[in-house]
Amino acid sequence: MNRGVESKGGAEVKFRINKAHFPVTTLGYGRRLGLWVQGCAIRCRGCVSRDTWDAGGGWDVEPAEVVAWCDARRAQEIDGITISGGEPFEQPRALAALLEALNAWRRGLDRAFDILCYSGLPRRRIERRHPGILAMLDVLIPEPYVDGGMAGGRAPRSLWRGSDNQPLVPLTPLGRTRYDGENNAACAPRIQVSIDRGGAWFIGIPRPGDMDRLEEQARARGVILEGVSWRA
Ligand code: SF4
């Protein structure tokens, strides 16, 4: 594959994001920085991240800021970054600039740091249109989320994938080492809870019906969840 040519002078390109969090332990190997991109026109039925859909929401970050966040967590044994959404490939120049900056930074690390990216776009389209971006990722999880519904849904075979149609595509030796066979996924929790910025964040891959059950159980204990991201 060709190395990225999708950004020039990438340091000035800003990424529109919804939120960032560390440590994320439910969206990839180990302890990670989670970066949720703002804006998604795909609008899968059953998406639990509807708060990321509006391209006009969120806030801008420069690639150097994200690298600085990662660098500040070296002592906390950061293992990688997960770029989720929202739809990262709706901002291809910013995504390429971020990946260039992360790849330059991680070359100086004394521990492995992997880059995992989710997308709701078809894998073939990404391969055709964004080979430069793919060359800078360790793992890609593409394809739209397919909702199984609360009762009839089937949990995906992998903890990292939202639905069974989504392949987990390792792209580098590090990606294959950490994600092939998904050994680490077997003992990872599916959802973590973070209280941050005046709200509660549920981070991870819920099984079909998990969020409805969570709401029901909270309600039974007198806790009403309002403004949730998995409902219009
Ligand atoms: S699941 Fe992902 S691709 Fe689908 S609507 Fe939600 S954010 Fe967009």
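Everything quoted here is computed from the prediction, not taken from an experiment. The residue count restarts for each chain, going from 1 along the sequence in the order it is written. Under the rules for a predicted model, residues below a pLDDT of 70 receive no local features and side-chain atom pairs below 80 are neither given nor counted, while totals for whole chains, interfaces and linings still include all residues.

**Some thoughts on helix α2 (residues 92–106)**
Consideration 1: Between its terminal C-alpha atoms α2 stretches 21 Å, which fits the 21 Å expected from 15 residues at 1.5 Å a residue.
Consideration 2: Buried residues of α2: Ala94, Leu95, Ala96, Ala97, Leu98, Leu99, Glu100, Ala101 and Leu102, and no others.
Consideration 3: Placing C-beta atoms from the backbone, we regard two residues as in contact once those atoms come within 7 Å. For helices the rule is a DSSP run of H or I covering at least 4 residues; for strands it is a run of E covering at least 2, with both sets numbered from the N terminus onward. Residues of α2 that are buried make contact with β1 (15–24), α1 (63–72), β4 (80–84), β5 (114–118) and α4 (131–134). Given the number of residues in a helix, its expected span is that number minus one, multiplied by 1.5 Å. Labels follow a simple rule on C-beta atoms placed from the backbone: if 20 or more others lie within 10 Å of a residue's own, it is buried; if 12 or fewer, it is exposed; otherwise it is partly exposed.

**What to know about the sheet that holds β5**
Consideration 1: Strand pairing requires that DSSP identify at least two bridges connecting the strands. As summarised here, the arrangement of the seven strands in space is β3-β1-β2-β4-β5-β6-β7, forming an open sheet in which the pairing is mixed. Two strands close off the open sheet at either side, each with one partner strand: β3 (59–61) and β7 (169–170).
Consideration 2: Sheet analysis places β1 next to strand β2 (residues 32–37), joined by five bridges and oriented antiparallel. Paired with Val24 across the strands is Arg32, a residue of β2.
Consideration 3: Axis angles are defined between N-to-C directions and span 0 to 180 degrees, where every axis is a line fitted to C-alpha atoms and, for a helix, only to the segment in contact. Set on the sheet, α1 makes contact with β1, β2, β3 and β4; between it and β2 the angle comes to about 155 degrees.

**A look at the site of the ligand**
Consideration 1: Near the ligand there are 13 residues, and of these Cys40, Cys44, Cys47, Gly120 and Tyr145 occur at the shortest range.
Consideration 2: Here the shell around the ligand is composed, by residue class, of six nonpolar, five polar and two charged. Residues are counted as near a molecule or strand when the C-beta atom, derived from backbone positions, lies within 6 Å of that molecule or strand. Following the grouping adopted for this structure description, the nonpolar residues are Ala, Val, Leu, Ile, Met, Phe, Trp, Tyr, Cys and Pro, the charged ones are Asp, Glu, Lys and Arg, and the polar ones are all others, Gly among them.

**Let's talk about the pairing of β4**
Consideration 1: Among the five residues that make up β4, five are buried, leaving the element largely enclosed by the rest of the structure.
Consideration 2: Because side chains alternate across β4, one face comprises the buried residues Gly80, Thr82 and Ser84, and the other comprises Ile81 and Ile83, equally buried.
Consideration 3: Summarising the sheet, β2 and β4 pair through five bridges and their orientation is parallel. Each bridged residue has a counterpart across the sheet, and for Trp36 the counterpart in β4 is Ser84.
Consideration 4: Bridging between β4 and β5 involves four bridges; their strand directions are parallel. Within β5, the position partnered with Ile81 by the bridge is Ile115.

**Notes on the environment of Cys44**
Consideration 1: Relative to the assigned elements, Cys44 resides in the loop between β2 and β3.
Consideration 2: Residues in contact with Cys44, not counting those within four places in the same chain, are Gly120, Pro144, Tyr145 and Asp147.

Purely spatial values, then, with no claim about function.
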